[in-house]
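The residues making up each chain are set out below.
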Amino acid sequence: VTLSAPTADDVRMAGREVVITAPLEGDLTVAGGDVTIGPDVRVAGRTWVTADTIRANGVFARDVHLVGREVVVGGEVREPLTVTAESFHVLAGAR
């Protein structure tokens, strides 16, 4: 499942592989096996992601909750970040 067009509302997605490449103005809720939030994504609302593997590379304007086996954050988180994971990595360019 891929979100590739900007949206002005909340987004809820579920799938084995979820890829988000476009900005959204509302909240983001995702459940999946492998979730990738691309570097050009800006989430204006709150973010909840539950997945086996999560790669969060966008800009997150509000609170972010990530639950997964492996979580990698490479983007910018402007509000509190909550992570529950077996493996958690923050990439060098993350803020």
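Preceding block: the structure.
This one's a predicted model, so the numbers in the text were calculated from it and none came from an experiment.

The rules behind these values
- Residues numbered from 1 in each chain as written.
- Predicted model: local features only at pLDDT ≥ 70, side-chain atom pairs only at ≥ 80, totals over all residues.
- Heavy atoms only, no water.
- Pairing = 2+ DSSP bridges.
- Helix = DSSP H or I, 4+ residues; strand = E, 2+ residues; numbered from the N terminus.
- Patch = residues over 30% accessible without salt bridge, like charges linked within 9 Å, V, L, I, M, F, W, Y side chains within 5 Å.
- Areas by Shrake-Rupley, 256 points an atom, 1.4 Å probe, with all protein chains shown as cover.
- Salt bridge = Lys/Arg side-chain N within 4 Å of Asp/Glu carboxyl O.
- Buried < 20%, exposed > 50% of the residue type's maximum accessible area, 1.4 Å probe, protein only.
- Contact = heavy atoms within 4.5 Å.
- Polar contact = N/O pair within 3.5 Å; in protein donor to acceptor, adjacent residues only side chain to side chain.

Peer 1: Go over the pairing of strand S5 (residues 47-56), please, and point to the residues and values.
Peer 2: Two faces belong to every sheet, and in a regular strand the side chains alternate between them. As paired strands, strand S3 (residues 28-37) and S5 are joined by 9 bridges and run parallel to one another. Note that in S5 the partner of Gly-32 across the bridge is Ala-51. As defined by bridge partners, S5 adjoins strand S7 (residues 64-73) across 9 bridges and the pair is classed as parallel. Across the sheet, the residue bridging to Val-49 is Leu-66, located in S7.

Peer 1: Break down the sheet that holds strand S6 (residues 59-60) for me, citing the residues and quoting the values.
Peer 2: Spatial strand order, S4-S6-S8: 3 strands in an open sheet with parallel pairing. The open sheet terminates on both sides in strands that have one partner only, identified here as strand S4 (42-43) and strand S8 (76-77). By the bridge criterion, 2 bridges tie S4 to S6 in an arrangement that is parallel. Residue pairing across strands places Arg-42 opposite Val-59, the latter belonging to S6.

Peer 1: Which residues make up a nonpolar patch on the surface, and what values go with them?
Peer 2: A cluster of nonpolar side chains, Leu-81, Phe-88 and Val-90, forms an exposed patch at the surface whose accessible area comes to about 260 Å². Tracing the chain through its elements places Phe-88 in strand S9 (residues 81-90). A residue is classified by how much of its surface remains accessible, and Phe-88, at 40% relative accessible area, is partly exposed.

Peer 1: I'd like a description of the environment of Phe-60, backed by residues and values.
Peer 2: Within the secondary structure layout, Phe-60 lies in strand S6. Judged by its relative accessible area of 2%, Phe-60 is buried. Setting aside residues up to four positions removed in sequence, Phe-60 forms contacts with Ile-37, Val-43, Thr-47, Glu-76, Val-77, Arg-78 and Glu-79.

Peer 1: Report on the side chain of Thr-47, specifying residues and quantitative values.
Peer 2: Within the secondary structure, Thr-47 sits in strand S5. We classify Thr-47 as buried; its relative accessible area is 0%.

Peer 1: Explain the side chain of Thr-36 to me, and be specific about the residues and the numbers.
Peer 2: Here Thr-36 lies in strand S3. At 3.2 Å, the side chain of Thr-36 forms a polar contact with the side chain of Arg-55. With sequence-adjacent residues up to four places away left out, Thr-36 is seen in contact with Val-18, Val-19, Ile-20 and Arg-55.

Peer 1: Talk me through the pairing of S7; I want residue IDs and the actual numbers.
Peer 2: As judged from the 9 bridges shared by S7 and S9, these two strands associate in the parallel manner. Directly across from His-65, in S9, lies its bridge partner Thr-82.

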